[in-house]
Amino acid sequence: RAAPSPKMMENTVFMSFTFYSTILILKMYVVAIITGQVRLRKKAFANPEDALRNGGLQYYRDDPDVERNLLSLSRAHRNDMENIFPFLFLGAVYSLLDPSPAVARIHFFIFCVGRIVHTIAYLLRLKAPTRSVAYGVAQLPCFSMALQILLATTPYW
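Here we summarise the structure given alongside this text. In this text the structure is predicted, and so the values were computed from the model without any measurement.

Re unusual backbone geometry
Link 1 in the chain: In this structure, P129 follows A128 across a cis peptide bond, with omega equal to 5°.
Link 2 in the chain: Position of P129 among the secondary structure elements: in the loop between α5 (101-123) and α6 (130-153).
Link 3 in the chain: Phi angles above zero are rare outside glycine, and K43 is one such case at about 50°.
Link 4 in the chain: Tracing the backbone through its elements, the reader meets K43 in the loop between α2 (12-42) and α3 (48-53).

So, in structure tokens, the structure goes:
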């Protein structure tokens, strides 16, 4: 006999939120993996231990191409942390407010696609305003969720 499902797993909005959140976390891991691959491909390591493990101390060096790529990757990763972490909080609390599953899914989908496009724009250095538009579009559902959370919790302050 199967164990009873926890209440949270019966919440379709929360399950949708979990799906999109997991995609975003995996996207962040991909950016981290790309960072390591950039250094490996160019054999330009930031610390001597990695250089020794990958050919010798001569590879403990700076490479202008690597540094330029890493700067974009670092900015994309930092921007993800500044935006995805708040989404994780807002989406989790919003899921508890019993919103319409279809509306909630649209919120989560728009944010997820916006963040993916934003990262692609960073990594491929797409022309402006692609990255800014992706950022702005991804913020809309966050503001919407934040406003709904505030409206729902105002009686309790």
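Quick look at the pattern of salt bridges
Link 1 in the chain: With the rule as written, the count across this model stands at 7 salt bridges.
Link 2 in the chain: Where K27 meets D80, a salt bridge forms, and the shortest distance between an N and an O atom there is 2.4 Å. Pair noted here: K27 is in helix α2 and D80 is in helix α4 (residues 64-95), with a separation of 53 residues, a long-range link.
Link 3 in the chain: Overall, the relative accessible area of 11% leaves K27 in the buried class.

Things to note about the nonpolar core
Link 1 in the chain: Among the nonpolar cores identified, the biggest contains 18 residues, and L24, F87, Y94, F108, F111, C142 and M145 are the most heavily contacted of them.
Link 2 in the chain: Looking at this core, the elements that each hand over two or more residues are α2, α4, α5 and α6.
Link 3 in the chain: Beyond its immediate stretch of four places on either side in the chain, C142 contacts F87, L90 and F111.
Link 4 in the chain: Judged by nonpolar contacts, the second largest core, of 6 residues, contains A44, V66, L70 and L73.

The rules we used
Residues numbered from 1 in each chain as written. Predicted model: local features only at pLDDT ≥ 70, side-chain atom pairs only at ≥ 80, totals over all residues. Heavy atoms only, no water. Helix = DSSP H or I, 4+ residues; strand = E, 2+ residues; numbered from the N terminus. Salt bridge = Lys/Arg side-chain N within 4 Å of Asp/Glu carboxyl O. Buried < 20%, exposed > 50% of the residue type's maximum accessible area, 1.4 Å probe, protein only. Core = buried A, V, L, I, M, F, W, Y, C linked by side-chain atoms within 4.5 Å. Contact = heavy atoms within 4.5 Å.

Keep in mind these numbers describe shape, not what the thing actually does.
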